[in-house]
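# Descriptive analysis of the structure
In case you want the letters, here they are:
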Amino acid sequence: MSSSSESPQIHEQNPHSTTVPQTKTPGTENNPKTQDEIHEKDTILEKKEKEEEDDEEGECGFCLYMKAGGCKDTFIEWEKCVEKGETNKENIAKKCFEVTSALQKCMEAHSEYYAPILQVEKDIEAKVIKEREKELTENKESVSMEIGSGEGSSSFDQNEG
């Protein structure tokens, strides 16, 4: 037989947690200090797990995706800059220009992972350029129509003839 110092440990599921098993060593059930220490450790672990779950649940899918790739640290810096800018009602494009550029470069360096995001950016950029070109074309046509309709002529032109 084994000695009492090598007594087997019995694992019981903690009714307050689904992941942290409670450990009871025979002979400690009647020792309130030991049981309190065990309970305190279980409580600390449960609180830590809850905080981690809350952090993950509170984050948007985009943020989780960005942080799962090789640009996690750069993204976190960008995120902090944007949050600070929003809090202080600053121009985020100006304030965060450098961290945004760093994030863009990082994403391009890890393009195999960030390809879907980079593609969306390219698609949006192309759409904006196309809309801007359309506006410029419409404005040119509008100006030509005004000139062609005689709005630009004066009475001086009529008296010369």
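Residues numbered from 1 in each chain as written. Predicted model: local features only at pLDDT ≥ 70, side-chain atom pairs only at ≥ 80, totals over all residues. Heavy atoms only, no water.

### Focus on the overall build of the protein
Rules: Only DSSP runs of H or I reaching four residues or more are called helices, and only runs of E reaching two or more are called strands; each is numbered from the N terminus. Contacts are residue-level and defined by heavy atoms, with any inter-residue pair within 4.5 Å sufficient. In short, Shrake-Rupley with a 1.4 Å probe defines the accessible areas, and a residue's cover is counted only from the protein chains shown.
When its secondary structure is counted, the protein shows 7 helices and 2 strands. Listing each helix as α and each strand as β along the protein from the N terminus yields β-β-α-α-α-α-α-α-α. Long-range contacts, defined here as pairs at least 24 residues apart, represent 37% of the contacts in the protein between residues at least 6 apart. Of the accessible surface of the protein, which amounts to about 13000 Å², a share of 53% is contributed by carbon and sulfur atoms.

### Description of the packing of aromatic side chains
Put simply, the test is: Each aromatic pair joins two rings of Phe, Tyr and Trp (for Trp, the six-membered one) with centres within 6.5 Å, and gets the label stacked for planes under 30 degrees apart, edge-to-face for over 60, and tilted for any other angle. A 1.4 Å probe rolled over the protein chains alone gives each residue an accessible area, and that area as a share of the maximum for its type sets the label: buried under 20%, exposed over 50%, partly exposed in between.
Counted by the stated rule, this structure contains 5 aromatic pairs. Taken together, a centroid distance of 5.9 Å and an interplanar angle of 75° make the contact between F62 and F75 edge-to-face. Of this pair, F62 sits in helix α2 (residues 61–68) while F75 sits in helix α3 (residues 72–87), and the two are 13 residues apart along the sequence. According to the relative accessible area criterion, F62 is partly exposed, its value standing at 39%. Members of the aromatic cluster, connected to one another through ring pairs, are F62, F75 and W78.

### What to know about unusual backbone geometry
Phi at K89 takes a positive value of approximately 55°, unusual for a residue other than glycine. One can find K89 in the loop between α3 and α4 (92–95). A relative accessible area of 76% places K89 in the exposed class.

### Remarks on α2
We count it as follows: The arc in question is formed by the directions pointing from the helix axis toward the C-beta atoms.
Burial in α2 covers these residues: C63, M66 and K67. With its buried residues spanning 95° around the axis, α2 presents them on a single face. With respect to the buried face of α2, the exposed residues turned more than 90 degrees away are G61 and A68.

### A word on the packing of α2 against α3
As a reminder, the rule being used: Between N-to-C directions, angles span 0 to 180 degrees; the directions come from axes that are lines fitted to C-alpha atoms, helices contributing only their stretch in contact. These descriptions rest on fixed angle ranges, namely under 35 degrees for roughly parallel, over 145 for roughly antiparallel, 65 to 115 for roughly perpendicular, and the rest for oblique. Only Asp, Glu, Lys and Arg are considered charged, only Ala, Val, Leu, Ile, Met, Phe, Trp, Tyr, Cys and Pro nonpolar, and every remaining residue, Gly among them, polar.
Two elements in contact, α2 and α3, have axes separated by 7 Å at closest approach and are oriented at 140°. Judged on the interaxial angle alone, α3 and α2 are oblique. Counting all contacts with α2, which are made through F62, C63, M66 and K67, the residues of α3 involved are K72, F75, I76 and E79. Of the residues contributing to the contact of α2 with α3, the split by class is 5 nonpolar, no polar and 3 charged.

### Observations regarding the nonpolar core
Under the convention used in this document: Each nonpolar core is a collection of buried residues, namely Ala, Val, Leu, Ile, Met, Phe, Trp, Tyr and Cys, held together in the definition by side-chain atoms within 4.5 Å.
Counting 10 residues, the largest nonpolar core consists of C63, M66, C71, F75, L103, C106, M107, Y114, I117 and L118. At the level of elements, α2, α5 (97–109) and α6 (111–148) are the ones that each hand at least two residues to this core. Ignoring any residue separated from it by four or fewer positions in sequence, one finds C71 in contact with M66, L103, C106, M107, H110 and Y114.

### A word on the packing of α3 against α5
For the record, the criterion: Put simply, a crossing is left-handed when the front helix is turned counterclockwise from the back one by less than a right angle, and right-handed when it is turned clockwise.
Packing of α3 against α5 brings their axes to within 9 Å, and their N-to-C directions diverge by 155°. Classified by the interaxial angle, the pair formed by α3 and α5 is roughly antiparallel. At the point where α3 passes α5, the crossing takes the left-handed sense. Listed contacts from α5 to T74, F75, W78 and C81 of α3 are V99, T100, A102, L103 and C106. By residue class, the composition of the contact of α3 with α5 is 7 nonpolar, 2 polar and no charged.

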